[in-house]
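Observations on the three-dimensional arrangement
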Amino acid sequence: MEEHVESSSSEPSGPAPETPARASKTGFTGRKRRLKTSRGVKVADASAKWLITVGGIGTIVSVLGVALFLFYVVLPLFLPSKIDSMRPLELGQEKLLGVGMDEYRVLGWMLQPDGHLKVFRIDDGSLRHEEELFPQRELTAASFEIRGATAAFGFSDGVVQLTDVVFDTEILDEDDLPAAVVAELDAIDEAAGARIVNYRDGVLERTPTGQFRFQRLAVDRGRALRLADGPILKLSHTIRSDGPFIAAMVGGAARTEIEVFDGDGAADAASADEPAGDPPEGADPSDEGETPNAAVESPEADAEPTTVPAGHAATDPSTSLVIVAIEEDTNFLTGEVQYEIEGPTDLPLDVDHLGPPTSLHVSGAGTELYAAWDDGWLKRYAVRDLDEAMLAESGYLLPPGGGVTLDFFEPILGGTTFLWGDSEGGVHGGFPVRIEGAEGELPMLFEHEAAEGQPLTFVRTKNLASAPSAALSMASSERSRVVLTGFADGEIRLFNMTNATQIASTRLPVDEPVLNLVMAPKEDGLMAVTARSVYLADLDPRYPEAGFSAFFRPVWYEGYAQEEHIWQSSSGTDDFEMKLGLMPLIFGTLKATFYSMLFGAPLALLAALFTSEFLHGRAKNVIKPSIEIMASLPSVVLGFMAALVFAPFIEKIVPATLASFFTIPLCFLLGAYAWQLLPQVLAIRLANWRMLFIGLTVPIGLFLASIVGPLFETWFFAGDLKQWLAWDPGDSLAERYASPLGGWMFLFVPLSALAVALLLGRLVNPRMRGISHAWDRRRYALVDLGKFLGALAAVFLLALTLSYVFAALGFDPRGGYVDTYVQRNALIVGFVMGFAIIPIIYTISEDALSTVPEHLRAASLGAGATTWQTATRIIIPTAMSGLFSALMVGLGRAVGETMIVLMAAGNTPVMELNIFEGFRTLSANIAVELPEAVKGSTHYRTLFLAALVLFVMTFVVNTVAEVIRQRFRKRAYQL
């Protein structure tokens with residue numbers, strides 16, 4: 001041994017060993033391994049580290065970038081409107097009959113009470129044109145449309161003149177302009193602002209694009225009607241699709257014949273049979289002892305006076321309220337216009353208000369007529385059919401007896417909603433609503449009286465302001481539901497009528513009453529008239545329809561009987577009231593997610609549990625990839641199949657479809673209990689064929705559903721489930737559908753099953769385990785089967801009992817969770833979208849279950865626990881964090897799904913719990929409407945707000961899910 005040591009300490013006989021950096025080592029394969037890391041590995045490792053870091057940071061930056069971009073687009077919706085400082089022009093007048101400006105804010109006009117028209121430049125106030133519109137007549141009344149060129153003027157001789165007052169815009173060629181004018185335009189410094197010069201009776205403007213735009217106010221006197229021999233005291237009109245509709249308060253009685261004149265005062269034929277003569281303007285042809293050819297006999301000439309409601313005296317003989325409709329028919333070959341006149345029709349007045357009303361207005365559709373007096377008394381007439389025109393209702397807009405007077409009562413865009421202001425500074429709004437469908441007490445007129453059988457009533461829905469001084473004037477926008485109001489102390493406020501919110505305000509430099517107001521057609525400016533001056537200001541309403549209350553709170557929209565959440569961003573008319581409530585879209589998103597998770601999540605989790613703990617490895621290798629392949633199906637294909645295949649098919653077999661939700665699980669459970677009855681030896685031999693027997697329960701369940709469904713439809717739904725769902729309590733012809741028993745059975749069976757299962761788990765099962773130690777396999781299986789059948793009978797008995805109780809108490813489930821059946825509904829979406837999320841939840845869940853340490857599973861089985869006990873008490877709690885992650889990933893998939901809900905949900909933005917009703921989700925709404933939205937508009941930015949809301953929803957859900965997942969993971973580590 002010593003020699004060996006000495007020998008080993010002597011010089012080595014072999015080559016010198018390598019340094020540690022270059023050392024090599026023989027592995028178990030016999031091949032030498034280098035202990036030095038190669039340069040390629042180091043480069044790959046550094047590159048991977050760099051790429052992973054950049055990718056992670058890039059992902060975070062991308063997500064934050066998306067959020068910031070959405071916020072950037074949405075932020076302007078919540079910025080306040082703005083009115084710049086007022087600029088005076090020395091053009092003040094007393095209260096005018098009319099005032100306006102062109103869309104480019106270059107020219108303005110004002111009409112004085114005597115008919116004197118002034119056209120002036122807005123930049124410096126210089127007059128460009130003035131004239132007496134009706135030099136030979138005494139102007140007594142005028143009516144202007146909010147949007148439109150036609151005005152109506154009434155005179156002391158009972159004539160009503162229809163006149164077009166419109167700005168005429170023309171693009172001129174430079175060669176047609178005088179050289180001096182062009183030189184004058186070129187001499188104007190562009191930095192000074194608009195390049196405008198006086199030209200003819202208007203102005204010539206050089207636009208930023210180099211065009212020469214000439215503008216002037218054109219007045220075209222159209223047809224005239226003689227309604228009475230006395231003066232026209234008040235006048236209102238609207239242009240319907242078939243022609244003008246005119247309402248007038250006249251002194252004395254209305255004529256029974258209507259005379260038609262042309263713009264120069266010449267009598268014209270009301271029919272095209274014979275031409276009429278040319279009486280002088282303002283003359284009465286009846287004075288010559290002849291009835292003119294233009295006369296059309298009124299159908300009401302010999303009719304009895306319209307009946308006045310009880311409590312009111314007869315019509316005041318000194319004044320008459322007259323309506324007349326003119327139907328115009330243009331010959332497309334000759335261009336000749338023929339007129340058919342309906343009326344005049346006298347309407348009743350109130351004896352308590354002998355004088356003419358301070359306001360008279362025809363609704364935009366020509367179906368309602370409003371007359372308001374200075375003490376707040378309002379009368380609404382139904383004039384859709386002139387032959388049946390009548391007083392519909394009356395009452396006070398203001399509390400009577402308080403000394404408050406009505407200063408204005410004017411319509412806004414559309415002519416359905418009205419705004420009124422009083423001497424105490426109150427500004428309010430209202431419109432007629434349909435009484436049917438109203439819930440609760442409506443804020444109707446004070447001391448309200450209504451005719452019998454009237455479907456509409458006028459309600460006070462908007463309280464806009466309570467100012468320290470009287471509200472004297474208002475102006476409505478031509479584009480939206482934005483209105484200006486002027487007060488006696490010089491204050492001007494801007495309101496959005498839809499949301500009943502004040503969005504901006506300003507004040508004149510002096511405390512002068514605002515007598516007239518006008519808003520520029522493009523909503524970019526305003527003009528206020530006082531007794532001394534005209535004031536101009538730039539206006540930027542930004543996005544007046546937007547706001548937190550408009551998006552997330554119920555709003556009382558025009559024509560609705562109560563405040564509601566509604567999404568309706570477009571319509572076929574220009575005076576449409578935009579409805580931008582996001583709650584129906586949020587509700588639809590949650591509804592789609594709920595039903596898809598209700599259908600898909602249990603199937604996916606149970607399938608993952610079965611695959612992980614009970615399925616043979618060879619079968620698992622086939623089944624798991626097959627289910628994962630389902631995730632590759634495009635959602636547009638699933639949506640297409642749902643909309644065009646499943647929805648029409650299920651509509652034909654609704655009872656069988658609903659029955660299948662009970663028969664398939666029932667067959668599966670019965671199959672399981674039947675398997676227990678098999679002898680143990682036979683059960684072991686057939687174990688490899690167990691999947692085949694499980695699969696047979698599905699077609700058997702479907703077959704039973706096809707039999708049971710029609711039977712239950714006959715027993716509980718009077719033979720027609722869809723008719724039962726659509727039954728109206730007022731439908732006496734379908735009284736056989738009145739019983740709500742079937743609906744309660746549909747709802748109570750699942751709840752009863754849950755209650756009986758809990759009862760069995762708490763009371764029966766523990767006692768059964770205590771007394772079954774000595775039982776053999778067959779006896780236990782028979783008792784277990786009997787317990788199941790008894791529980792099944794108890795479920796239906798309990799459900800039937802509860803259904804009879806609720807039906808006897810008068811409760812009906814229709815109108816809530818079940819209601820009218822629509823082909824594309826939540827049931828279809830839940831079924832199809834459930835299949836879309838099953839592969840995701842299944843894969844992640846199965847991986848989480850499979851990664852549970854094997855020693856935990858082996859320890860449980862070794863301690864005598866069954867496979868089911870091991871799965872439910874050991875495996876699932878350990879893998880809970882992974883299972884929860886799977887559910888959250890599936891939830892995110894369902895929340896963001898677009899094509900399936902777009903094609904299969906009906907795409908209707910309603911807030912209905914009804915499982916047979918459709919809906920619209922946030923993502924589907926963005927996909928449908930964003931391509932058509934005008935960039936930068938309120939609609940456009942609101943769609944981005946919908947995207948931001950969807951982003952926030954998923955962010956909050958995922959954050960909460962991650963917190964919960966970490967808690968589950970921490971508990972799992974303790975095992």
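Residues numbered from 1 in each chain as written. Predicted model: local features only at pLDDT ≥ 70, side-chain atom pairs only at ≥ 80, totals over all residues. Heavy atoms only, no water.

1. Notes on unusual backbone geometry
Despite not being glycine, Glu523 shows a phi value in the positive range, around 60°. Within the fold, Glu523 resides in the loop between β35 (516-519) and β36 (525-529). With a phi close to 55°, Ala718 is a non-glycine residue in the positive phi region. Positionally, Ala718 belongs in the loop between α10 (690-716) and α11 (721-725). By relative accessible area, Ala718 is classed as partly exposed at 24%. (Helix = DSSP H or I, 4+ residues; strand = E, 2+ residues; numbered from the N terminus. Buried < 20%, exposed > 50% of the residue type's maximum accessible area, 1.4 Å probe, protein only.)

2. A look at the side chain of Ser803
Secondary-structure assignment places Ser803 in helix α13 (residues 777-808). For Ser803, a relative accessible area of 0% gives the class buried.

3. Things to note about the packing of aromatic side chains
Taken as a whole and judged by the stated rule, the model has 38 aromatic pairs. Judged by centre distance (4.9 Å) and plane angle (5°), the rings of Phe409 and Phe418 are stacked. Overall, Phe409 belongs to the buried group, its relative accessible area being 0%. Look at Phe418 and you get buried, because its relative accessible area is 0%. Taken together, the aromatic side chains of Trp109, Phe134, Phe144, Phe153 and Phe155 make up a single cluster linked through ring pairs. (Phe/Tyr/Trp six-rings, centres within 6.5 Å; stacked < 30°, edge-to-face > 60°.)

4. Section: the side chain of Ser881
Assignment of secondary structure puts Ser881 in helix α17 (residues 880-895). Other than its neighbours up to four places away in sequence, Ser881 contacts Arg965, Phe968 and Arg969. (Contact = heavy atoms within 4.5 Å.)

5. Brief notes about helix α19 (residues 922-929)
The buried fraction of α19 amounts to 6 of the 8 residues, a majority that puts the element mostly inside the structure. Taken together, the buried positions of α19 are Leu922, Ser923, Ala924, Asn925, Ile926 and Glu929.

6. Section: the pairing of strand β37 (residues 534-540)
Counting buried residues along β37, 5 of its 7 residues qualify, which places the element largely inside the surrounding structure. The pairing of strand β3 (residues 82-83) with β37 spans 2 bridges and is antiparallel. Bridged to Lys82 within β37 is Asp540. Of the strand pairs in this sheet, strand β4 (residues 87-89) and β37 are connected by 3 bridges, and their pairing is antiparallel. By the bridge assignment, Pro88 is partnered in β37 with Tyr535. Pairing analysis gives 5 bridges linking β36 to β37, with the strands arranged antiparallel. Note on β37: the bridge partner recorded for Leu526 is Ala537. The hairpin turn running from β36 into β37, its antiparallel successor, is 4 residues long. (Pairing = 2+ DSSP bridges.)

7. Some words on the pairing of strand β12 (residues 195-199)
A large share of β12 lies buried, amounting to 4 of its 5 residues. Direction of pairing for β12 relative to strand β13 (residues 202-206): antiparallel, over a ladder of 5 bridges. Among the inter-strand pairings, Ile196 is bridged to a residue of β13, identified as Glu205. The hairpin turn running from β12 into β13, its antiparallel successor, is 2 residues long, and Arg200 in that turn takes a positive phi close to 55°.

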